[in-house]
Amino acid sequence: MLILRQAVNRFTNLADESHEVPTLRNKTYDNFKLNRSDWRHLGLIHRVLKEPATAQQSFSSAKHPTAWKMIPTLECLADRWRSMALDPQYLPIADAIKAGLKNVDKYFKKTSQLDVYFICLGEYYQFLQLVLI
């Protein structure tokens, strides 16, 4: 999204004068201009949201089971977000990060209480033994 910064800025600058762009009711496209601070916040948000996207990718596999990765992945995500919430550069969005951490903690607790997780962990261990032997 940050790659599109120049295009978004250009659009909000020129859209009100264009006949090819729909006219807004009671607003102008100029109202949606993003200043440097807005773009900085978007950059922070992008970095924070990149963490769960990366975590989710760790579950993608067509060749072997990945459910066993759930708890370590949630722990890693929570650790990353906790360090971001304490980092001064993330101060403008620290409350949002903390709210996200509450959800991660909720899912971590739910997952750690499921028998199926531990069954998957055992199945993965047996799978590894078969593959490595």
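For the structure, check the block above.
Residues numbered from 1 in each chain as written. Predicted model: local features only at pLDDT ≥ 70, side-chain atom pairs only at ≥ 80, totals over all residues. Heavy atoms only, no water.

1. Topic: the side chain of Thr 12
Stage number 1. Secondary-structure assignment places Thr 12 in helix 1 (residues 5–14).
Stage number 2. Engagement of the side chain of Thr 12 in a polar contact is seen with the backbone oxygen of Asn 9, the distance being 3.0 Å.
Stage number 3. Sequence-distant contacts of Thr 12, that is, excluding residues within four places in its chain, are made with Tyr 29, Asp 30, Phe 32 and Lys 33. (Helix = DSSP H or I, 4+ residues; strand = E, 2+ residues; numbered from the N terminus. Polar contact = N/O pair within 3.5 Å; in protein donor to acceptor, adjacent residues only side chain to side chain. Contact = heavy atoms within 4.5 Å.)

2. Some details on the pattern of salt bridges
Stage number 1. A complete count under the given rule lists four salt bridges for this structure.
Stage number 2. As a salt-bridge pair, Lys 33 and Asp 30 come within 2.8 Å of each other at their nearest N and O atoms.
Stage number 3. Given the relative accessible area of 39%, Lys 33 is considered partly exposed.
Stage number 4. Among the residues examined, Asp 30 registers a relative accessible area of 37% and is labelled partly exposed.
Stage number 5. In this structure, Asp 105 engages Arg 82 in a salt bridge whose closest nitrogen and oxygen atoms are separated by 3.2 Å. (Salt bridge = Lys/Arg side-chain N within 4 Å of Asp/Glu carboxyl O. Buried < 20%, exposed > 50% of the residue type's maximum accessible area, 1.4 Å probe, protein only.)

3. Here we look at a nonpolar patch on the surface
Stage number 1. A cluster of nonpolar side chains, contributed by Ile 3, Leu 4 and Val 8, occupies part of the molecular surface with about 320 Å² of accessible area.
Stage number 2. One can find Leu 4 in the segment before helix 1. (Patch = residues over 30% accessible without salt bridge, like charges linked within 9 Å, V, L, I, M, F, W, Y side chains within 5 Å. Areas by Shrake-Rupley, 256 points an atom, 1.4 Å probe, with all protein chains shown as cover.)

4. Focus on the nonpolar core
Stage number 1. If you look at the biggest cluster of nonpolar residues, it comprises 13 residues, and the most contacted ones within it are Val 48, Trp 81, Met 84, Tyr 90, Ile 93, Ile 97 and Val 104.
Stage number 2. Elements represented by at least two residues in this core include exactly helix 2 (36–57), helix 3 (70–86) and helix 4 (94–112).
Stage number 3. Ranked by residue count, the leading element in this core is helix 3, at six residues. (Core = buried A, V, L, I, M, F, W, Y, C linked by side-chain atoms within 4.5 Å.)

5. Notes on the environment of Arg 40
Stage number 1. Relative to the helices and strands, Arg 40 is located in helix 2.
Stage number 2. In the structure, Arg 40 is positioned 52 residues away from Pro 92 in sequence and 9.9 Å away in space, judged by C-alpha atoms.
Stage number 3. With residues up to four places along the chain from it excluded, the contact list for Arg 40 reads Gln 89 and Pro 92.
Stage number 4. Side-chain polar atoms of Arg 40 contact the backbone oxygen of Gln 89, separated by 3.3 Å.

6. Here's the deal with the packing of helix 2 against helix 3
Stage number 1. For the pair helix 2 and helix 3, the least separation of the axes is 10 Å and the interaxial angle reads 170°. With respect to helix 3, the element helix 2 is oriented roughly antiparallel. The residues of helix 3 that touch helix 2, namely those facing Arg 47, Val 48, Glu 51, Pro 52 and Ala 55, are Thr 73, Leu 77, Arg 80, Trp 81 and Met 84.
Stage number 2. Residue composition of the contact of helix 2 with helix 3, grouped by class: six nonpolar, one polar and three charged. (Axes fitted to C-alpha atoms, helices over the stretch in contact; angles between N-to-C directions. Parallel < 35°, antiparallel > 145°, perpendicular 65-115°, else oblique. Nonpolar A, V, L, I, M, F, W, Y, C, P; charged D, E, K, R; others polar.)

The quantities given are spatial measurements derived from coordinates; they are silent on function.
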